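For reference, the chains in residue letters:
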Amino acid sequence: QHTPRTLTDVAAILAELERVRVARVAIDLGEVHRRLRAVAAPIKDAYGDTVAALGVWTTAERWDQIGTELARATVGIGRRVETAIRDSDAVELAAA
């Protein structure tokens, strides 16, 4: 356990993983370090497999001012990367 916010209960962890899977965004509100906040979005390929993730950290003090926009931007950029990967996969499949 890193901080008092760190999830340690198996049921709580599984519920959080399901929430993240559905929402396609993970937010760390001090689970790893009490003074840091983070947001991450999966990068999926043309088959829907997660092949990477995009994550951004900031301080707890800044989160209240920029957290919502930081989350939106991270998810948006992640989706753009997915489009680029899908386009690249399509070109490779067509050439094969």
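Use the structure listed above.
Values in this document were obtained by computation on a predicted structure and should not be read as measured data. Here the residue numbering is sequential within each chain, running from 1 through the sequence in written order. Local features in a predicted model are, by the rule used here, given only for residues with pLDDT of at least 70; side-chain atom pairs are given and counted only at 80 or more, and totals for whole chains, interfaces and linings are based on all residues. With hydrogens and water set aside, each side-chain value is computed from the structure's full complement of heavy atoms.

Peer 1: Summarise helix α1 (residues 10-23); cite the residues concerned and give the values.
Peer 2: Only DSSP runs of H or I with at least four residues qualify as helices, and only runs of E with at least two residues qualify as strands; both kinds are numbered from the N terminus onward. Here, expected helix span is obtained from the residue count minus one, scaled by 1.5 Å. Along its 14 residues, α1 runs 20 Å from first to last C-alpha, staying within 8% of the 20 Å computed at 1.5 Å per residue. Each polar contact in these results corresponds to two N or O atoms within 3.5 Å; when the atoms are within protein, one needs to be able to donate a hydrogen and the other to accept it, and residues that are neighboring in sequence are counted only if both atoms are side-chain atoms. Two or three places before Ala-11, at the opening of α1, Asp-9 has a side-chain oxygen 3.2 Å from that residue's backbone nitrogen. Looking at the residues trailing α1, positive phi occurs at Arg-24, about 60°.

Peer 1: Account for the nonpolar core, naming residues and giving values.
Peer 2: Only buried Ala, Val, Leu, Ile, Met, Phe, Trp, Tyr and Cys residues count toward a nonpolar core, and they belong to the same one when joined by side-chain atoms within 4.5 Å. Relative accessible area decides the class of each residue, using a 1.4 Å probe on protein chains only: under 20% of the type maximum gives buried, over 50% gives exposed, and in between gives partly exposed. Listed in full, the seven residues of the largest apolar core are Val-25, Val-39, Ala-41, Trp-63, Leu-70, Ala-71 and Val-75. The set of elements that each furnish at least two residues to this core consists of β2 (36-44) and α2 (60-95). When residues of this core are assigned to their parent elements, the largest contribution, four residues, is made by α2.

Peer 1: Help me get a handle on the side chain of Glu-82, residues and values and all.
Peer 2: Counting through the fold element by element, Glu-82 comes out in helix α2. Setting aside residues up to four positions removed in sequence, Glu-82 forms contacts with Arg-24, Pro-42, Ile-43 and Lys-44. Here, two residues are considered to be in contact whenever any of their heavy atoms come within 4.5 Å of each other.

Peer 1: Let's hear about unusual backbone geometry: which residues, and what values?
Peer 2: For Arg-24, which is not a glycine, the phi torsion comes out positive at approximately 60°. With respect to the helices and strands, the residue Arg-24 is situated in the loop between α1 and β1 (26-28).

Peer 1: Quick rundown of the pairing of β2? Include the residues and the values.
Peer 2: Across three bridges, β1 lies against β2 in antiparallel orientation. Looking across to β2, one finds that Ile-27 is bridged to Val-39. Relative to strand β3 (residues 50-59), β2 runs antiparallel, the two sharing nine bridges. Among the inter-strand pairings, Leu-36 is bridged to a residue of β3, identified as Thr-59. The rule for pairing is simple: two strands pair if DSSP sees at least two bridges between them. Counting the residues that bridge the hairpin from β2 to β3 gives five residues, and of these Gly-48 lies at a positive phi of roughly 85°.

Peer 1: Mind laying out the side chain of Thr-58, listing which residues take part and the relevant values?
Peer 2: Relative to the assigned elements, Thr-58 resides in strand β3. Not counting chain neighbours up to four residues away, the residues in contact with Thr-58 comprise Arg-35, Leu-36, Arg-37, Trp-63, Ile-66 and Leu-70.

Don't take any of this as a statement about function, it's just geometry.
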